[in-house]
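Reading the structure
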Amino acid sequence: MTNFQERGHLLTEQVNPHSLNLDQLNSLELVELFNHEDQKAVAAVAEAKVELAAAIDLTADRLRQGGRLFYVGAGTSGRLGVLDAAECPPTFCTPAELVQGIIAGGAGALVRSSEDLEDRSEDGESAISQREITQLDVVVGITAGGTTPFVHGAINAARQRGAKTIFIACVPAEQVTIEVDIDIRLLTGPEILAGSTRLKAGTVTKLALNTLSTGVMVKLGKVYGNRMVDVSVTNQKLRDRALRIIQDLTGLSRAAAVFLLERSGKWVKLSLLMHWTGLDQEAGKELLAAHLGNLRQAVTSYNQDHNSGVGK
């Protein structure tokens, strides 16, 4: 069940008293004003840290069980969700279906505005049905003003299917209420350009999604220390990054790191495990699989079994 006030009363639609003379500012004053207001985005994430942490734990738990993560939004919110989903495969070597972005209007709305399509709650419901959402999945509805019918339709449909739901909005709960498992409110206040939620609301949403997806991947063992050991080695830049990670963590020369990376099938995580344990590729894969891909747990287990202190 959802309830919300008239859009004109929403926090994201209000007039910012600090920018009433926006059209009279010189360029330096414009930049200073933007910089001052943008700092509120970082503060808003800090205020929502408990809810964001809960979202990380909930999502990681579902993905461990075979579930998927879906972002649903329209306009800027939808584009940010699609962006975050698209960046997971190269960063964490996840399958494309694990994290998905759903935007009102489909792929065409990524490059061409289609505001009218966000008003169709039935389209949000249909998007959930088409992707065969189940009780293992997590659906994150993203809407700066909190009222987007497409998002509400998707959330309601996901709840009916037993999926876990998360809501991200930039208005207080008393302005827009919704029944979800985790309700994240990122309150950055009125925009410098009244109603233009691609500004602070967009910035704070990107910050929150960065935190959510990266936190989930850390929990899933996609990170060792602060290194992306599941990076997808698909171009020269990523190959160089993979080799630097191996060299930094093992002390190997570049030539030796290249040889190790090739032996592992271009999998940084497996390369490190093979180097630290002396296991071959297949045995290393088996050990990683036994620990759900968590390199630190795999190394710790090997050390305990062999009374050694490999790893870093």
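Presented here is a report on the structure given in the accompanying data block. None of the values given here were measured: they were computed from a predicted structure.

By size, the foremost hydrophobic cluster in this structure holds 36 residues, and its most contacted members are Y71, V99, V140, I166, I184 and L186. Listing elements by their share of this core, those giving two or more residues are helix 1 (27-47), helix 2 (49-64), strand 2 (69-73), helix 3 (75-92), strand 4 (138-142), strand 5 (164-169), strand 7 (182-185) and helix 6 (200-219). In terms of residue count, helix 6 provides more of this core than any other element does, 7 residues in total. Dropping the residues within four chain positions of it, I184 is found in contact with A48, E51, L52, A55, I166, F167, I168 and A169. Among the nonpolar cores identified, the runner-up in size contains 25 residues, and Y224, A242, L272 and V299 belong to it.

Right, let's talk about the packing of aromatic side chains for a bit. Scanning the entire structure with this criterion turns up 1 aromatic pair. Ring centres 5.4 Å apart and planes at 45 degrees place the aromatic pair Y224 and W276 in the tilted group. Taken as a pair, Y224 in the loop between helix 6 and helix 7 (236-250) and W276 in helix 9 (residues 268-277) lie far apart in primary sequence, 52 residues in all. Since its relative accessible area comes to 5%, Y224 is described here as buried.

The next point concerns the packing of helix 2 against helix 6. Orientation of helix 2 relative to helix 6, taken along the N-to-C sense of each, is 45 degrees, at an axis distance of 9 Å. Overall, the two elements helix 2 and helix 6 adopt an arrangement that is oblique. Like other packed secondary-structure pairs, helix 2 and helix 6 cross with a definite hand, here right-handed. Two secondary-structure elements touch here, helix 2 through L52, A55, I56, D57, T59, A60, L63 and R64 and helix 6 through A208, T211, L212, G215, V216 and K219. Considered class by class, the residues forming the contact of helix 2 with helix 6 number 8 nonpolar, 3 polar and 3 charged.

Another point: the state of the cysteines. Per the stated rule, a full pass over the model turns up 0 disulfides. Take C88: it sits in no disulfide, and the sulfur closest to it among the cysteines is that of C93, at 12 Å. Looking at C93, the relative accessible area reads 41%, which means it is partly exposed.

This brings us to the side chain of E191. Of note, E191 is situated in the loop between strand 7 and helix 6. In this structure E191 is buried but unpaired, with K200 as the nearest side chain of opposite charge at 5.1 Å. For E191, the side chain forms a polar contact with the main-chain nitrogen of K200, separated by 2.8 Å. Here E191 is in contact with Q14, N16, S19, S196, T197, L199, K200 and A201, once residues within four sequence places are set aside.

A few words now on the sheet that holds strand 5. Across the sheet, 5 strands lie side by side as 3-2-4-5-7; this open sheet has parallel pairing. The open sheet has two edge strands, strand 3 (99-103) and strand 7, and neither has a second partner. Taking each pair of neighbouring strands and ignoring which way they run, the sheet shows an average axis angle of 15 degrees. Bridge count between strand 4 and strand 5: 5 bridges; the pairing is parallel. Paired with V139 across the strands is T165, a residue of strand 5. In the packing of helix 2 onto the sheet, contacts are made with strand 2, strand 4, strand 5 and strand 7, and the angle to strand 7 comes to roughly 140 degrees.

Given a rise of 1.5 Å per residue, 20 residues ought to cover 28 Å, and the 28 Å separating the end C-alpha atoms of helix 6 matches this to within 8%. K200, A201, G202, V204, T205, A208, L209, L212, S213, G215, V216 and M217 are the residues of helix 6 that are buried. G221, located one to two residues past helix 6, shows a positive phi value of around 80 degrees.

The rules behind the values
- Residues numbered from 1 in each chain as written.
- Predicted model: local features only at pLDDT ≥ 70, side-chain atom pairs only at ≥ 80, totals over all residues.
- Heavy atoms only, no water.
- Core = buried A, V, L, I, M, F, W, Y, C linked by side-chain atoms within 4.5 Å.
- Buried < 20%, exposed > 50% of the residue type's maximum accessible area, 1.4 Å probe, protein only.
- Helix = DSSP H or I, 4+ residues; strand = E, 2+ residues; numbered from the N terminus.
- Contact = heavy atoms within 4.5 Å.
- Phe/Tyr/Trp six-rings, centres within 6.5 Å; stacked < 30°, edge-to-face > 60°.
- Axes fitted to C-alpha atoms, helices over the stretch in contact; angles between N-to-C directions.
- Parallel < 35°, antiparallel > 145°, perpendicular 65-115°, else oblique.
- Left-handed = near helix turned anticlockwise from the far one by under 90°.
- Nonpolar A, V, L, I, M, F, W, Y, C, P; charged D, E, K, R; others polar.
- Disulfide = S-S within 2.5 Å.
- Lys, Arg positive; Asp, Glu negative; His and termini not counted.
- Salt bridge = Lys/Arg side-chain N within 4 Å of Asp/Glu carboxyl O.
- Polar contact = N/O pair within 3.5 Å; in protein donor to acceptor, adjacent residues only side chain to side chain.
- Pairing = 2+ DSSP bridges.
- Expected span 1.5 Å × (residues − 1).

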